[in-house]
Amino acid sequence: MKNPAPVEHPVHELIRERWSPRAFSRNEISSEDLRSLFEAARWAPSSSNEQPWAFIVATRNDNENFTKALQPLVEFNANWAKNAYVLGFAVAELAFAKNNTPNRNAHYDTGAAMSQLTTEATSRGIFVHQMAGFDPDTAREVFEIPSGWDAIAAFAMGYPGDPASLPQPYRDRETAPRVRKPIGEFVMNGKWGHTADFILK
Ligand SMILES: Cc1cc2nc3c(=O)[nH]c(=O)nc-3n(C[C@H](O)[C@H](O)[C@H](O)COP(=O)(O)O)c2cc1C
């Protein structure tokens, strides 16, 4: 299903088309496509070019690891994410590898890599639904994530499916209007809370 953003100012089609479905088709994603998605993540910018991200990924035809990837998810997410072709976790390294001092941008940079992956996915008709609803301790345990690295988001990925295949309450959410704050609320100049002049024209 397409669900383009009702934008108030023109943006690239890829930005408009990206959204977070919960209905996924059973279609496989090719290894070639998967490699390109992580190549897109690879070329994200990062503080000191540290590239503080890692991705733990399981495809549904790898039953053992797919089952492991479902374990950390809260039930609300596992109920729909189990139908995606890929389940994964974005993991961030919390200190700079070169001197072991805290990298306060590790989460930011890992999010940027995930965003690039998502945009590349959209260009290939593949959709990504990220999730905060998982238990990081369980993820650490089942995937043996070392200390110094934190699983910061889970994600489900696949080709979109039919919203009618979802049970409630997911089905209604799938077709609910997409909403955002207006840009005037979060683009400021001069002082906090003062909407940037170019927004007002
Ligand atoms: C870091 C992050 C965590 C999220 N956690 C969940 C989640 O646990 N469960 C869920 O169903 N959606 C989750 N979402 C999806 C958001 O609800 C969704 O991105 C938001 O409502 C905007 O919708 P859109 O992505 O379709 O534009 C998460 C998204 C992000 C980026």
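See the structure above.
Given the structure is predicted, the values throughout are model-derived calculations rather than measurements.

Calculation rules
- Residues numbered from 1 in each chain as written.
- Predicted model: local features only at pLDDT ≥ 70, side-chain atom pairs only at ≥ 80, totals over all residues.
- Heavy atoms only, no water.
- Buried < 20%, exposed > 50% of the residue type's maximum accessible area, 1.4 Å probe, protein only.
- Helix = DSSP H or I, 4+ residues; strand = E, 2+ residues; numbered from the N terminus.
- Arc of directions from axis to C-beta.
- Contact = heavy atoms within 4.5 Å.
- Near = heavy atom within 4 Å.
- Polar contact = N/O pair within 3.5 Å; in protein donor to acceptor, adjacent residues only side chain to side chain.
- Areas by Shrake-Rupley, 256 points an atom, 1.4 Å probe, with all protein chains shown as cover.
- Nonpolar A, V, L, I, M, F, W, Y, C, P; charged D, E, K, R; others polar.

A. Molecular detail of helix 6 (residues 136-143). Of the residues making up helix 6, those classed as buried are Ala-139, Val-142 and Phe-143. End-on view of helix 6: buried residues confined to an arc of 85 degrees, all on one side of the axis. Exposed and facing more than 90 degrees away from the buried side of helix 6 are Asp-137 and Glu-141. In this structure, the buried residues of helix 6 make contact with strand 1 (53-59), helix 3 (63-70), strand 2 (86-93) and strand 4 (149-158). Following helix 6 by one or two positions, Glu-144 adopts a phi angle in the positive range, close to 55 degrees.

B. Expanded view of the site of the ligand. The environment of the ligand is made up of 14 residues, and the closest members are Ser-20, Arg-22, His-129, Ala-132 and Arg-178. Here an oxygen atom of the ligand and a side-chain polar atom of Arg-18 are 2.9 Å apart. Side-chain polar atom of Arg-178 to an oxygen atom of the ligand: 2.6 Å apart, as the coordinates give it. Protein burial of the ligand: of its 620 Å² of free accessible surface, 62% is covered by the chains. Elements with a contribution of two residues or more to the shell around the ligand: helix 4 (75-81) and strand 3 (127-131). Tallied by class, residues from the shell around the ligand come to five nonpolar, five polar and four charged.

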